[in-house]
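Given next are the chains, with one letter for each unit.
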Amino acid sequence: MKLLFFRILAVISLVVASFSTHAEVKHIAVIYAEGDDPAQQHFTGPLQSIDQFSGIEILYLALDDPDDPLLVNSSLLLAQRKAIIKLATAGGSIGPIAVFYPDIGEPYRSVFSKIIEGIEENADAKVTRYAIGNNFNAETVSSELKQRDIRVIIALGRNGLHAASALDKNIVVVAGGIVSVPASDERSSTILSLAPDPALLFAKLKSLAPKTQRVHVVFDPRQNAWLIKLAREAARSQGLELLTYEAGDLKNAAAIYNSIFANADPRHDALWLPQDSTTVDESVVLPLVLQESWARGIPVFSSNVAHVKRGALFALYPDNIELGRNLVASAVGLASGNPDVRGVLPLRNVLTAFNTRTASHLGLTPSPAQKRSFSLLFPEQ
Amino acid sequence: MQRLRPLSALLLVTASGLVAAQPLTEEEDLAQAYGDKNFVSIATGTRQLLSKAPSSATVITAETIANMGARTVSQALEAVPGLHVSRNNLQNIYTPTYGMRGILTGTSPQVLMMVNGIPRTSVYLGNPDEQMVELPVDNIARIEVIRGPGSAIYGADAFAGTINIITKTADDIDGTSIAGGGGSFDSWDTWFQHGGRHGDLDVAAYFKVGSTDGQRRIIRHDAIGRSGPVNVGYDSVDGQLDIGYGNFRWRTSYTLRRDVGTGVGIFGALDPTGKIRSERLSSDLSWSDANFARDFSLTLQAAFMHLANEVTTPLVVIPGGVDPTFPDGMIGDPSKWERQARFSATGVYSGFATHRIRLGLGHDNLEIYKTRENKNFTLLPPPSQLPMYRASGANLFLSPHERRVNYFYLQDEWNFAPDWTLTGGIRRDLYSDFGGTTNPRLALVWEARHDLTVKLMYGSAFRAPSFVELYATGNPLIMGNPNLRPEKIDTLEAAVTWQVNRDLQTSLSLFQHKITDIISQIGDTYRNGGKQKGHGGELEVNWAATDNLRLTGHYAYQKNTDETTDHDAGYAPHHQLYARADWRFGSGWMLSGQVNRVADRKRAWGDTRPALPDYTSTDLTLRSIRPRQGWDFSLSVYNLFNADIREPSRADSGIIYDLPLPGRSFWLQARYNL
C-alpha cells in the first residue's frame with residue numbers, strides 16, 4: 001500500500017512537471033490497477049487541483065489487467081482527439097535516501113521536522129538524516145553515503161543544499177525548504193521552492209475577490225525573475241492583468257508602491273507581496289503598504305503567512321508534510337531519469353491564512369466552504 | 001494627496017540609498033515564507049478558532065504555559081490581566097478561587113470554568129471544584145479567558161468572567177511522549193500522552209499519576225488559637241481520552257484526588273487527620289456538521305458528569321477539650337454524590353450577507369443524588385455531643401436535590417456598515433428551582449484603522465444560587481433559603497486594541513459594573529440583598545523586542561465598593577502588575593522569568609485587621625525546545641526570592657494571619673518524545 005501511494009505520488013509529480021514545461025498537454029490519463037482502487041482517494045485531491053487548469057482534462061483508467069485492450073482503446077481515443085500522449089511512469093526503488101537539513105534551533109527546526117516526517121511517510125526505503133552544521137565534512141559524508149549505497153539526497157534549507165552541492169555530481173539531489181536559491185548552489189537539478197505558485201495565489205484571489213482584474217507586483221529581478229515569468233502565464237490563464245514593476249533597491253520600490261497606490265482602482269486592483277527581501281521590507285514598507293491598502297480599500301495578498309496577521313487579506317504558506325511527500329515523488333522522478341522535473345518549481349503544497357477583519361473592511365464575504373478551507377484565521381480574537 | 005504622505009516620507013527615509021540585498025541567512029530565508037521566530041510556531045501549528053462574541057479576552061497557549069513553567073491551571077491563570085488566583089476562605093481548604101475584576105468571594109462561584117465549553121460547576125457550592133483538584137496543564141491546548149459577563153451565551157455563572165480550558169486533540173499532540181517530574185514538598189508525577197490517527201479514528205490519550213505532600217507553612221493562629229502546618233497534600237490520577245470519527249467526537253475525562261488534606265480545617269481549626277477523596281468522571285459526545293444545510297452549521301452535544309466528594313477519614317471540625325458543649329470534639333464525614341446530564345444544540349447561519357446568526361437551545365439536569373454524614377454531635381437545639389451516628393432529616397447537612405434547566409439563546413452579528421459590527425444576543429434560562437432569567441448582550445465593534453479596533457460592550461449576567469445556599473440543613477445558624485433569586489450583574493466595557501508596529505501590540509479595557517441581589521448570610525439564613533459597584537481597567541502590552549526576546553506585561557486596576565456598607569468589597573488586589581520575559585537562546589533553549597506584583601488588598605467590612613501586605617513573586621523557568629523526538633527538560637524555580645505570599649482569610653474564621661502560600665520551591669521535569 002505504501003509503495004503504491006509512493007508510485008501514485010511520483011506519477012502526479014511527473015504529471016505536474018510535464019504540465020509546467022509542456023503547455024500543449026491537454027489530457028492526462030491516470031492508469032491504475034482496479035485492485036488499487038481504494039487508494040484512489042490519495043491522489044484524487046492533487047489531481048483535481050490540476051484538473052482546474054483550463055484546457056486540462058483528467059481521465060481515470062482502472063485496469064484489472066495491464067494488457068487489457070481498454071488501455072489500447074483509450075490511447076486510440078486520446079489519439080482521435082489529437083492528444084499528444086506522454087507516458088509518465090513511476091515505480092521501482094531508488095534505494096535509501098539521505099536527508100540533509102540545517103542544524104538550526106527552534107522554532108524553525110520544527111519546519112524541517114515536519115517536512116522530514118512527510119519524506120519518511122512517503123519513502124519506501126530507509127531515510128538517513130544528516131543535520132548540517134559548521135562541522136560538515138563533504139569527504140566523510142561522501143564515503144558514508146557510498147557505504148550505505150545512497151544515491152539520492154533530499155536537501156533541505158540553504159545549508160542542506162549548499163552541503164549537497166559539494167558532493168559527487170553523480171548523486172541525485174532534490175532540494176526543498178528554500179525561498180531564494182544562491183546562484184552558487186544551483187547545480188542541483190530539482191528545487192521545490194517555498195515560493196507559493198502564482199497560479200494558486202491568483203486562483204485564490206479570484207475566488208475571494210472575484211471583481212479583481214489587475215494585480216500589481218513590485219519585485220527584484222535578481223530574486224524573482226523566474227517566479228514572475230510563471231506569474232505572467234498564471235495571470236493570463238485566470239484572466240488577470242499582471243502589472244510588474246522591477247526595483248533593485250528599497251528606494252525604488254517605495255516610489256513604485258507610492259505610484260501604485262496613487263493610481264490604483266479599489267474595485268479592480270490588488271497588490272501581491274512576493275517573497276522579496278529587496279522590495280518587501282518588513283519594518284518600513286510593509287506597515288505603510290498595509291496602511292495605504294486599508295485606507296484605499298485595495299486588497300493585499302502575500303506569499304508570507306505572517307503578513308496576514310498584520311493585515312494582508314490572505315497568504316498561501318507551506319503544508320510541510322505534503323511538501324515532504326512531494327519531495328520524495330520528485331526524487332523518484334529525477335532518479336528515473338525524467339528530465340521534466342528539473343529546475344526550480346514553485347510551491348504547490350499550500351495552506352491558506354486569511355484575515356477576516358481585512359475581508360470585512362474590503363466588503364468581501366467568503367463562502368462557508370471557503371471559510372472551512374482556511375487553515376489559519378486572523379485576527380486571533 | 002493626504003494619504004500619500006506616509007509613503008512619500010518613506011522615500012525620504014530611504015533617500016540615502018540602499019545597497020543590493022545581502023545574502024540571506026537560513027532563518028532570514030525561511031522567515032520570508034513562515035514569518036519571523038515569533039510567528040513560525042503559529043504557521044506550523046493547527047487551526048485557530050474565531051471567538052464566539054466580542055469581548056475582552058486572553059488566550060493562554062500551551063507554549064505560554066510551558067514558558068511560564070506552570071504545572072496547574074491556577075498557576076497559569078495568574079498571568080491573565082484582571083484575574084487573581086486566591087484560596088477558598090469559606091472552608092479554608094486551599095482550593096483555588098478566581099477573582100476577576102475585583103469580584104472575589106469565598107469559593108468564587110461568580111466565575112464560570114468550562115472544559116471544552118462544558119461547565120465544570122458543581123451545584124453544591126456553585127464553583128468548579130470544592131476540593132484541591134488543581135488541574136494539570138500537560139494536556140491543555142489553550143485556555144481562553146473572557147473578562148466580563150458571558151451569560152448571554154454561556155448561561156449561569158459567566159458573571160465576573162469565563163474560563164474555558166481546551167484540551168489537546170490528536171492533531172495537537174501528534175506523537176507519543178512519556179514524562180516524569182519531581183520537586184519540592186516531596187512532589188512527583190509521571191505521565192503518558194499520545195495523539196495520532198488510527199484507521200478512521202483520531203485518538204488523543206493522556207494519563208497521569210502523581211503525589212505531593214504539599215507545602216507545610218505554619219498557621220500561627222487558627223480558629224482555636226493553635227499553630228501548626230497547613231495540610232494540602234494529595235495523590236492524583238488524571239486521564240483523558242479524545243476520539244474523533246468523522247463528524248463525531250467523544251471525550252472522556254477522569255480526575256481522582258485521594259488523601260486530600262483539609263488546609264486549615266473546614267472550621268478554621270487545623271485538622272491533620274481528616275482526608276477527602278474527590279473523583280470526577282465526565283464524558284461527552286458531540287456531532288458537528290459545518291455544512292448541515294446551505295450556510296448552516298449544526299452541533300449537537302450530550303455531556304455527562306459524575307462527581308463524588310467523599311470524606312474518607314472523618315474531619316475533626318473542632319478537637320476535643322475546646323468547647324464544653326462538645327467535650328470529645330466535633331467529628332463528621334459529610335459526603336455527597338452529584339451527577340449531571342447536559343444536552344444542547346447550536347446552529348450558526350451565515351446565509352445573509354451582513355448577518356451571522358448563532359442560536360442554541362438545551363436542557364441540563366443537575367442533581368445531588370446522594371448525601372451521607374456520620375457525626376458525633378448535633379447542632380439542632382439543644383446542641384449536644386452524641387455517639388457517632390448516621391445523620392438524617394434535619395440533622396443531615398444537605399438532602400438530595402435536583403435542578404432542571406431549559407434554555408435558548410439567539411445572537412446576531414450585524415455588519416451594518418463597513419468596519420462596523422453590532423452584535424446583539426439574548427439568552428433565556430428557565431430553572432426548576434428559582435424560575436427564569438433573561439440576559440442580553442450588546443457589542444459595538446469599530447475597525448477604526450488597519451491597526452486599531454475599538455469596542456463598546458454591555459452585558460448582563462447571573463449567578464445561580466448554590467444548593468448549599470438554597471437547601472442547607474443540619475445547622476440552625478446557617479440554613480438554606482429555597483426562595484433565593486440569582487445574583488445579577490450589569491457591565492459596561494470599552495476596549496481599544498492597537499497594533500503599534502510589527503513588534504508591539506497594546507490594548508486597554510475599561511469597565512464599570514453593578515451587582516445586585518448578592519447572596520450573603522444574614523441572620524440564620526442566606527438572603528438576597530447585597531449590592532456592589534465596581535470600576536477599573538486593564539492595560540496590556542506585548543512586545544517582540546528582538547527575534548529571540550518577547551516581553552509581555554499588564555497592569556490591572558479595580559475598585560469595588562460594597563454599597564450596603566459603603567466599604568471596600570475587600571479580598572481582591574486593587575493593583576496588579578505582571579511582566580514576563582521569554583528569551584530564546586542557544587540552539588533550542590528558552591529562559592523565562594515572570595514577576596507578579598499583587599498590591600493593595602483591603603479588608604472587607606467588619607474586619608479590623610491591618611490590610612494584607614503586598615507581595616511580589618518571581619518565577620524562573622529554563623526549558624529545552626527540541627524537535628519531535630528525543631528528550632526535553634524543564635527546570636522551574638517558583639517564588640525565587642521567597643516572598644511571604646498570603647491570601648486573605650475571613651475575619652470570622654479566626655485564622656488571624658491569613659492563608660500562607662509556598663515559599664521558594666523547585667520543579668524539574670524530563671520528557672521523552674518517542
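Above this text sits the structure in question.
Residues numbered from 1 in each chain as written. Chains lettered and ligands numbered in written order. Predicted model: local features only at pLDDT ≥ 70, side-chain atom pairs only at ≥ 80, totals over all residues. Heavy atoms only, no water.

Considering the interface of chain A and chain B
Opposite the 73 residues of chain A that make contact, chain B presents 62 residues. Summed over both sides, the interface of chain A with chain B buries roughly 6,100 Å², with 57% coming from carbon and sulfur. Inspection of the region where chain A meets chain B yields 3 salt bridges. The interface formed by chain A and chain B holds 21 residue pairs in polar contact (both at pLDDT 80 or more) in total. (Contact = heavy atoms within 4.5 Å. Buried area = accessible area lost by both parts, 1.4 Å probe. Salt bridge = Lys/Arg side-chain N within 4 Å of Asp/Glu carboxyl O. Polar contact = N/O pair within 3.5 Å; in protein donor to acceptor, adjacent residues only side chain to side chain.)

Section: the pairing of strand β9 (residues 187–198) of chain B
When a strand is regular, its side chains alternate between the sheet's two faces. All names here are of chain B. Bridging between strand β8 (residues 175–183) and β9 involves 9 bridges; their strand directions are antiparallel. The partner of Gly180 across the bridge, within β9, is Thr190. The hairpin turn running from β8 into β9, its antiparallel successor, is 3 residues long, and Phe185 in that turn takes a positive phi close to 65°. Pairing analysis gives 11 bridges linking β9 to strand β10 (residues 201–212), with the strands arranged antiparallel. For Arg197, the partnering residue across the bridge sits in β10 and is Asp202. Between the end of β9 and the start of β10, which pair antiparallel, lie 2 residues, with Gly199 showing a positive phi angle near 60°. (Pairing = 2+ DSSP bridges. Helix = DSSP H or I, 4+ residues; strand = E, 2+ residues; numbered from the N terminus.)

Some words on the nonpolar core
Residues Ile115, Ile119, Ile154, Leu156 and Leu327 of chain A together with Tyr34 of chain B are the most contacted members of the largest nonpolar core, which totals 34 residues. Elements supplying a minimum of two residues to this core: β3 (97–102), α4 (108–122), β5 (152–156), β6 (172–178), β7 (190–196), α12 (320–335) and β13 (343–347) of chain A together with α2 (26–34) of chain B. Here Ile119 of chain A is in contact with Val99, Val127, Ile154, Leu156, Gly324, Arg325, Leu327 and Val328 of chain A, once residues within four sequence places are set aside. (Core = buried A, V, L, I, M, F, W, Y, C linked by side-chain atoms within 4.5 Å. Buried < 20%, exposed > 50% of the residue type's maximum accessible area, 1.4 Å probe, protein only.)

So, the sheet that holds β3 of chain A
Residues and elements named next belong to chain A. Spatially, β4-β3-β5-β6-β7-β13 is the arrangement adopted by the 6 strands of the open sheet, whose pairing is parallel. Of all the strands in the sheet, just β4 (127–132) and β13 have a single pairing partner and so form its edges. The mean inter-strand angle of the sheet, taken between neighbouring strand axes irrespective of direction, is 20°. Inspection of the sheet shows β6 paired to β7 by 4 bridges, in the parallel sense. The partner of Ile178 across the bridge, within β7, is Ser193. (Axes fitted to C-alpha atoms, helices over the stretch in contact; angles between N-to-C directions.)

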